[in-house]
Amino acid sequence: MKSRSKKLVALFATVAMTASLLAGCGGGNAPAATDTPAATDGAAATDDAAATDDAAATDDAAATDDAAATDDAAATDDAAAGTATAGDTNSTPRNETLYFAGQQWGTINDWNPFSTNSNNPMCVQQKDSSRTLIYETMFMFNMLDGELYPLLGTEWSWDDDTLTSMTVKLNTDAHFSDGTALTANDVAYTWDANVKYESSLGMDFSNYIESITAVDDATVSIKCKLDDAGNPANPLKVQQLLQQMYVMQKAYLEKVEARNNSEKEAMKLDKMEDLVASGPYLPFFDDDQKIVFIRDENYWGQAASMWGKLPAPKYVAHVIYADNNAGQVALEAGDVDVCQQFTTDVQKLWEEKNLPITTYIDEPPYGECATMPSCWMNVEKPGLDQVEVRKAIAMATDYDQIIASAMSNQSPTFTQVPRSMMNPTDAEQGLFDHDALKELQFTGNDIEGANALLDEAGIVDSDGDGIREYNGTPLSFKAECPDGWTDWMASLEIVASSAKKIGIDIQTFFPDTNTFYDDITTGNFEICMNSPSGSSISNPWGRCMQFLSSLYADLEVNWSGNWSQYRNDEADEILAKIPLETDEATLKEYYTRLNEIYLTDVPSFALMYRPELFYIVNESVWTGYPMKDDGTNIPPTDCTDGYGIAALYNLTLVE
Amino acid sequence: MKNTLRQVFHSPKFVIGFVIFAALLLTTIIYPLVVAADPLEMVGNGNFFKPGTYVSVKDSVEGTHYTLNIDVKSGSLDSKISAEDKESMKEWLTKFGGVAEADINLEDVEGLIGLWEANYSESADQPGLTASRKKYFARLNKNIDGILADSDLILARENPDTGELEESATIGSNEFVNTKDVANRRTFILGTDNFGRDVLTELVDATKTSLRVGLIAGVVATIVGLFLGLISGYVGGVVDDLIMFITNLFTVIPSFVLLILISYSVGQNARGVNLVAIIIGLTSWTWTTRSVRSQVISLRNRDHVNLSKLSGHSMMRIVLTDILPYLASYVVMAFILQISSGILAEAQLSMLGLGPSTSTTATLGLMMNWATLYAAPLNGSWWAYFPVVITIALIAFSLNLMNTGLDQVFNPQLRD
C-alpha cells in the first residue's frame, strides 16, 4: 500500500514538474516575444523610437553576469554580422555600398505600403518626410525651408482662392522599374486603393480629400472634402498628401488585388516581394542579418528634368544590429556610413578618438532639431486636473539637466529657444509674437516658484509625509515611457527627482512598447512621454492640433495626439480657422494666442528638442554629405527622407 | 565557542575575506559621515565628467593670484598642439596654403603657427578634403588662435546702467592660483555618471543598499531553507515527500527566470529595496533545504537523539537542542553564500531594469544598467562602471573566501 502511494506521488511529481517546466519556458519567452513587434509600430513609433527600442534587446544580453557582458555582446554581434556579410554570396563591394545603421531592427515583414506592420523602414516610410529609396512620392519636403520640391510631380497649384481643388502636374519622364510610364491614372488608382483597403494613410486623408482623378496622363486633380459652409475641410492636409503618399503602379496593384480577391485584410498582409516601383533602388537581398537595395540603372530620375544622374552608391545596405552599442561599434570601425542612433557624447568620436566622423553641425546640438518629446499629463486624473499641479511640475523640472545629461547636449536649451508649441527651426519660430509669451515661458528648475504656486492654491502637505495632498489624496503619479528608450527613461527620472523637491511623488514606469502604446492610446495613464510630429508642410498647425485639439480627446482609441485629453473651446475655434487663413499677420495672431493658452494651462510640456533623425556620418569611404551652411540646402535626413535624398547624388568616394 | 572563534580567525582565508568585507562595511558606514552630499543629487550638468577636482573659474579668477616663474607658453603650446596636429598643419599648408614644404620646420612650433595664421582660411577651397577633416582644421585653428600673443587676458563686467563693458582685471600668463584658496571646489574621485551624479558617493550608497539586499535575501532564504529542511528531514514520511516535491519544483525552474517573472508582475511602483530582497530570498532557498534535510536524516538516528526521544522531549526541543547545533556551522556557511548570491541577483535584476527605481535608491545593478544604456564602456568612461564591477567582485570574493575558510575549520576532512 505504502509503496504504491509512493509510486503515485512520484508519477504525480513527474507530471507536475514537466508541466511547470513548460510553464517556466513559456514565461521566460514571453517578454522577448512582446519586444519584437514593438519595434514595428508603424503608426506612431518613429524611427528613433525604434532605435532606442532595441535596448530592450540589450536586456537579454545584460542578463549575463557583468558589465563586460554588453560590451562583449556588442562585439560578438558585430563579429557575427561581419562574418555573415563575408559569408553570403550577396556581399557587395565596400566602395559601391552605402551602409546604414539605426533604421532597421529585426527582420522585415513585407514591402507593402498598405501594411500596418511592415517593419521595413528603409523601404516603407510614408510620413512627413517620406523615404523615397524604392517607392516615390509626388513631392519631397525640405524641413530646412519648409518647401515642397518636385519628384514625380513637377508643380502643384490651387485652382482658385476657395482652396477646394488642386491640380498637380506630373513629370512626363517618370516611369516604373518595369519601364512603363507613370501616369495620372496610377496616382488616382493608388489613392482609391488606399481608401478602399483602409490603409492608415487612406483612413487619415479621406477625411479631407473627396477624390483624386486623372485629367490627362500628366495631370491630376484633387478635390477637397467640403464642410457644411462649403469651405474645404483642411487644405493643409491636402498639401501634406503630396509629400506623403507613395505612387504605386495601377497594373501591379490590380495584380495584387487579383491574387488577394480584393479582400481588405489580405491586401494588407500581402508581402509584395515582386514589387514594381519608381524609385532609384530596388530590393536586392534581405535576411535576418542585413538588407541590401541595388540601384535601378534604368531609374527615370537620370533624365535632365529630374536629377540628371543616378545616385552615387550602387548599393544601399543596412546591417541589422542587436542594439545601439553594436551599431556604434560598427560606426567607429567604419562599417557604417550613416548612423541614425542616439549616441552619448557624440563629440568624443572626433575630439578624443580622432575618427573621421562628423555630424550636421560641429557643436551642440549637433543636429537640426525638429520635434520636442513632451511630458503629457492626463487632465482627467484627479490631481492632474488642477492646472496649478501641472504647472508646478513643469516649472520644477530641471530641463538643463535633461538636455545636458539625458540628451547628451544634443538639443538647444529652453533659454536658447524659449518654449512654445513651435519647433526650433527659423520657419516656425517666426510664426508667433515672442514678446507676448515672455512672461509665460518657464525655463525650469524653479523649485521656489513651483512651491509658492502650490501653496497659494491650497495644495499643501497636511499630514507631514513630504507629499502634498489634493482633496485628501496624496499627489502621487506614475510616469511612463517604453523600456529601452534610454534618453526618455533618463528624462523621466529627472522629472521624478525634480517633482520630489516640490512634494509631488512621481514614479517612473517602463513597460514594453506595446503596453505603452495601449496605455496612451486608451488614456490609461497619468503621465507619459511622447513626441508630437516634427516638420511637415502642415506644421506647426498639425502639432498645435496634437497639443490642444479636443477632436483627438474625443477619440476612443487615440493614436493622433492630445493624449492629455485637454479641452478648450477657444483653442478649437482657432485651430479650425488656421488652415483656411492665408494672411500672415492673422496667422501670427492665431498662433500667439494658441501658445498663450498652451503655456497657461500646461496640458503637456516639452522636455527637450530633438532631431527627427539622428545623423552621424563616418567619412572613411564616402564623403560629400550635407552639412550645415554648405550651400546645398539639403536637410540632414539621413540621405533618405524627403528632400534629404538629394544627398545621394552628391556623394563621392574619399580620395 | 571561544575556541571555535579562535580557530576560525586562525584560518588565513577567512581572515582575508573578513578584512575585505569589514572594510567595505566600514566604508559604507563612515563615508556618509564624512561626505554629507545626497548620493542621488545630479551635480554635473552633462554625461560622465572625468575624475578630478573641479574649481570654480570665477573664484579662481577673482581670488589671490601668485606669480610663478615658469615658462607657461611652451607648456600650453605643447598641450594644445600634438605632433599629429603639426603634421596635419604641414599637410594643409603645403596642399592648400601654397607654402613650400621646405619652408616648414616642424621643430619650430612658433614658426609653424606663424605660417598657419598667415595662410589658413576656413573658407578656402579645399578640394578632396572630407567634411570631418575640414571641421578638424577649423577646430584646430580656433584652438591655436592667439596662442602666441603675449598679451594679458582682460576681464570685464557689464555695467548694468549703460550696458557697456568695464575692465575689472587683467590676467597675465604667469599668474597662478592655489587650488586650496578656491572656496568653491568639488572633488569627484571617480568622476560623475550619466545623470551627473558623483560616482563615489553613489557607489558607497549603492554598496550599502546591496549589502542590505544581500543580508535580507540571505536571512529569508536561510530561514525558509532551514525550516523546511529541518521539518522534512526530521518528520519524514508524507511531509517529507510534500516538501521535497515543492523543493524539486523550485530547483527545476531556473530561479532567475522565476525572479524576473515575479519582479515583473510586482511592478515598479511596489518594487522597493526590501521587497526585491525578499523576492530574491524566496527564490533561492532550495539548496539549503536539500542539504539541511540530508544532514538531519543522518542525524536523527544518532544515539543522543534517540535518548532524547525516549526521555519524552518534544519535537521542538529535540530539533533545537539535539539537531540544530550539529548543523550550525553548515548553516552559517550557507548563509554567507546566500548573501553573496543575493547581491549578485539584485545586480542582475537591476541591470534588466527590474530592480528598485532609479530616482529613489542607488544600487550597484542600477549603476551598471545606466552606464551600459549610456554606452560608458564604448566612450571610455571607465569610472562609471569599472569601480562598480570591482565592488561587486570584492563583495562576492570576500564572502566566498570567508566561506572557504570556515569550511576548512569545520570540515574534518579538509582540516590540516
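Treat the numbers as computed from the prediction; the structure is a model and nothing was measured. (Residues numbered from 1 in each chain as written. Chains lettered and ligands numbered in written order. Predicted model: local features only at pLDDT ≥ 70, side-chain atom pairs only at ≥ 80, totals over all residues. Heavy atoms only, no water.)

Enquirer: It is not clear to me how the overall build of chain B should be interpreted in this structure. Could you clarify?
Expert: A count of helical and extended segments in chain B gives 16 helices and 6 strands. For 416 residues, the compact-globule estimate of 2.2 N^0.38 gives 22 Å, and chain B exceeds it by more than 25% at 33 Å. The principal-axis extent of the C-alpha atoms belonging to chain B is close to 105 × 55 × 50 Å. Burial analysis of chain B (416 residues in total) assigns 44% to the buried set. Pairs at least 24 residues apart make up 74% of the contacts formed inside chain B by residues separated by at least 6 positions. Working note: accessible area of chain B is about 20,900 Å², and carbon and sulfur atoms make up 59% of it. Side-chain charges of chain B comprise 30 positive and 39 negative groups, with the mean position of each set lying 17 Å from the other. (Helix = DSSP H or I, 4+ residues; strand = E, 2+ residues; numbered from the N terminus. Rg over C-alpha atoms; globule rule 2.2 N^0.38 Å. Buried < 20%, exposed > 50% of the residue type's maximum accessible area, 1.4 Å probe, protein only. Contact = heavy atoms within 4.5 Å. Areas by Shrake-Rupley, 256 points an atom, 1.4 Å probe, with all protein chains shown as cover. Lys, Arg positive; Asp, Glu negative; His and termini not counted. Charge placed at Lys NZ, Arg CZ, Asp CG, Glu CD.)

Enquirer: What should I look at first to understand the overall build of chain A in this one?
Expert: For chain A, the helix and strand inventory stands at 22 helices and 24 strands. Expressed as a percentage of its 655 residues, the buried residues of chain A come to 60%. Taking as baseline every contact in chain A between residues at least 6 positions apart, the subset at least 24 positions apart corresponds to 70%. Total accessible area on chain A is roughly 23,900 Å²; 50% of this is exposed by carbon and sulfur atoms.

Enquirer: What exactly am I supposed to notice about the sheet that holds strand S10 (residues 315-319) of chain A here?
Expert: Adjacent strands of a sheet form backbone hydrogen bonds with each other and so pair up, either parallel or antiparallel. Residues and elements named next belong to chain A. Across the sheet, which stays open at both edges, the 7 strands sit in the order S8-S9-S10-S1-S11-S22-S12 with mixed pairing between neighbours. Each having just a single partner strand, strand S8 (281-286) and strand S12 (357-359) make up the two edges of the open sheet. Sitting on the sheet, helix H10 (residues 324-333) touches strand S11 (338-339), S12 and strand S22 (616-618), and the angle it makes with S22 is about 40°. (Pairing = 2+ DSSP bridges. Axes fitted to C-alpha atoms, helices over the stretch in contact; angles between N-to-C directions.)

Enquirer: What is the right way to look at the pairing of strand S5 (residues 165-170) of chain A in this model?
Expert: Each regular strand shows side chains that alternate between the opposite faces of the sheet. Residues and elements named next belong to chain A. Direction of pairing for strand S4 (residues 153-158) relative to S5: antiparallel, over a ladder of 5 bridges. When the sheet's bridge partners are listed, glycine 153 is paired in S5 with leucine 170. In this sheet, strand S7 (residues 219-224) lies alongside S5 in antiparallel orientation, the contact comprising 5 bridges. By the bridge assignment, threonine 167 is partnered in S7 with serine 221.

Enquirer: Is there a simple way to explain the pattern of salt bridges in this structure?
Expert: Tallied over the entire structure, the rule returns 30 salt bridges over all chains. We note a salt bridge from aspartate 193 of chain B to arginine 197 of chain B, for which the minimum N-O separation is 3.3 Å. Using a relative accessible area of 7% as the deciding quantity, one classes aspartate 193 of chain B as buried. Within the structure, one salt-bridge network assembled from shared partners comprises Lys255, Arg259, Asp270 and Asp274 of chain A. (Salt bridge = Lys/Arg side-chain N within 4 Å of Asp/Glu carboxyl O.)

Enquirer: Teacher, can you tell me more about the interface of chain B and chain A here?
Expert: Note on interface size: it is often stated as the accessible area lost on association of the parts. The partner chain A presents 65 residues to the 47 residues of chain B that form the contact. Of the roughly 4,600 Å² buried between chain B and chain A on both sides combined, carbon and sulfur atoms contribute 57%. Sorting the residues of chain B by area buried against chain A places Lys135, Tyr374 and Leu378 of chain B first, and these three jointly supply 14% of that buried surface. Our count for the contact surface shared by chain B and chain A stands at 1 salt bridge. With a shortest N-O distance of 3.0 Å, aspartate 362 of chain A and arginine 139 of chain B are connected by a salt bridge. Summed over the shared surface of chain B and chain A, the result is 14 residue pairs in polar contact (both at pLDDT 80 or more). For the side of chain B that touches chain A, the elements supplying multiple residues, two or more each, are helix H7 (131-144), helix H9 (237-252), helix H10 (255-266), helix H14 (315-351) and helix H15 (364-373) of chain B. In terms of residue count, H7 of chain B provides more of the side of chain B that touches chain A than any other element does, 6 residues in total. Considering only residue class, the side of chain B that touches chain A consists of 22 nonpolar, 19 polar and 6 charged. (Buried area = accessible area lost by both parts, 1.4 Å probe. Polar contact = N/O pair within 3.5 Å; in protein donor to acceptor, adjacent residues only side chain to side chain. Nonpolar A, V, L, I, M, F, W, Y, C, P; charged D, E, K, R; others polar.)

Enquirer: It is not clear to me how the state of the cysteines should be interpreted in this structure. Could you clarify?
Expert: Throughout this description, disulfide means a covalent bond between two cysteine sulfur atoms. Residue and element names in this part refer to chain A. Tallied over the full model, the rule gives 0 disulfides over all chains. Looking at cysteine 123, it has no disulfide partner, and the nearest cysteine sulfur is the one in cysteine 639, 18 Å off. Judged by relative accessible area, cysteine 123 falls into the buried class, the value being 0%. Free of any disulfide, cysteine 369 has its nearest cysteine sulfur in cysteine 339, 16 Å distant. (Disulfide = S-S within 2.5 Å.)

Enquirer: Help me understand the packing of helix H8 (residues 199-235) of chain B against helix H11 (residues 273-282) of chain B in this model?
Expert: Residue and element names in this part refer to chain B. Two elements in contact, H8 and H11, have axes separated by 7 Å at closest approach and are oriented at 40°. Taken as axis vectors, H8 and H11 run oblique relative to one another. Every pair of crossing elements has a handedness; the one defined by H8 and H11 is right-handed. Packed against H8, whose contacting residues are Thr209, Arg212, Val213, Ile216, Ala217, Val220, Ala221 and Val224, the element H11 presents Val273, Asn274, Ala277, Ile278, Ile280, Gly281 and Leu282 at the interface. Class assignment for the residues of the contact of H8 with H11 results in 11 nonpolar, 3 polar and 1 charged. (Parallel < 35°, antiparallel > 145°, perpendicular 65-115°, else oblique. Left-handed = near helix turned anticlockwise from the far one by under 90°.)

Enquirer: What should I look at first to understand the side chain of serine 130 of chain A in this one?
Expert: Residues and elements named next belong to chain A. Relative to the assigned elements, serine 130 resides in the loop between strand S1 (97-101) and strand S2 (139-142). Here the side chain of serine 130 touches lysine 127 through a polar contact of 3.2 Å, landing on its backbone oxygen. In this structure, serine 130 is in contact with Gln125, Thr137, Gln243, Gln244, Tyr246, Thr640, Asp641 and Gly642, ignoring residues within four places of it in sequence.

Enquirer: Looking at this model, I keep getting lost on unusual backbone geometry. Mind explaining?
Expert: Generally, phi is negative for residues other than glycine and the peptide bonds are trans, each holding for most cases. All names here are of chain A. Here the residue pair proline 364 and proline 365 is connected by a cis peptide bond, since its omega of 5° sits within 30 degrees of zero. Asparagine 539 connects to proline 540 through a cis peptide bond whose omega is 10°. Topologically, proline 540 is positioned in the loop between strand S19 (527-530) and helix H19 (541-548). Not every positive phi belongs to a glycine, and tyrosine 366 is a case in point at roughly 70°. Relative to the helices and strands, tyrosine 366 is located in the loop between S12 and strand S13 (369-371). In the Ramachandran plot, aspartate 629 falls in the positive-phi region, its phi being about 60° despite a non-glycine side chain. For aspartate 629, a relative accessible area of 74% gives the class exposed.

Enquirer: Help me understand the sheet that holds strand S6 (residues 209-216) of chain A in this model?
Expert: All names here are of chain A. Strand order in this open sheet of 4 strands is S4-S5-S7-S6, and the pairing throughout is antiparallel. Each edge of the open sheet carries a strand with a single partner, namely S4 and S6. Recorded for the sheet is a direction-independent mean angle of 20° between the axes of neighbouring strands. Packed on one face of the sheet, helix H5 (residues 184-196) meets S5, S6 and S7 and runs near 160° to S6. Sheet contacts for helix H7 (residues 235-244): S4, S5, S6 and S7; angle to S4, the most-contacted strand, approximately 175°.

Enquirer: Quick question: what am I supposed to make of the packing of aromatic side chains here?
Expert: The description of an aromatic ring pair uses the distance of the two centres, along with the angle that the planes make with each other. Here the structure, examined in full by the defined rule, presents 36 aromatic pairs over all chains. Considering the side-chain rings of phenylalanine 342 of chain A and tyrosine 374 of chain B, the 6.0 Å spacing of their centres and the 90° angle between planes classify their relative orientation as edge-to-face. Here phenylalanine 342 of chain A is found in the loop between S11 and helix H11 (348-351), whereas its partner tyrosine 374 of chain B is found in the loop between H15 and helix H16 (386-410) on a different chain. In this structure tyrosine 374 of chain B comes out as buried when scored by relative accessible area, which is 0%. (Phe/Tyr/Trp six-rings, centres within 6.5 Å; stacked < 30°, edge-to-face > 60°.)

Enquirer: What should I look at first to understand H11 of chain B in this one?
Expert: Every α-helix carries 3.6 residues per turn, so stepping three or four residues along brings you back to the same face. Among all positions in H11 of chain B, only Val273, Val276, Ala277, Ile279, Ile280 and Gly281 of chain B are buried. Buried residues in H11 of chain B make contact with H8, H10 and H14 of chain B.

Enquirer: Can you help me understand the nonpolar core in this one?
Expert: Nonpolar side chains tend toward joint burial in soluble globular proteins. All names here are of chain A. Counting 122 residues, the largest nonpolar core has Ile393, Ile504, Leu594 and Phe605 as the members making the most contacts within it. Broken down by element, this core gets its largest block of residues, 8 residues, from helix H17 (residues 486-501). Setting aside residues up to four positions removed in sequence, phenylalanine 605 forms contacts with Ser374, Cys375, Met377, Ile393, Ala394, Thr397, Tyr399, Arg419, Phe442 and Tyr598. With 86 residues, the next largest nonpolar core counts Phe176, Trp191, Val316 and Cys639 among its residues. (Core = buried A, V, L, I, M, F, W, Y, C linked by side-chain atoms within 4.5 Å.)

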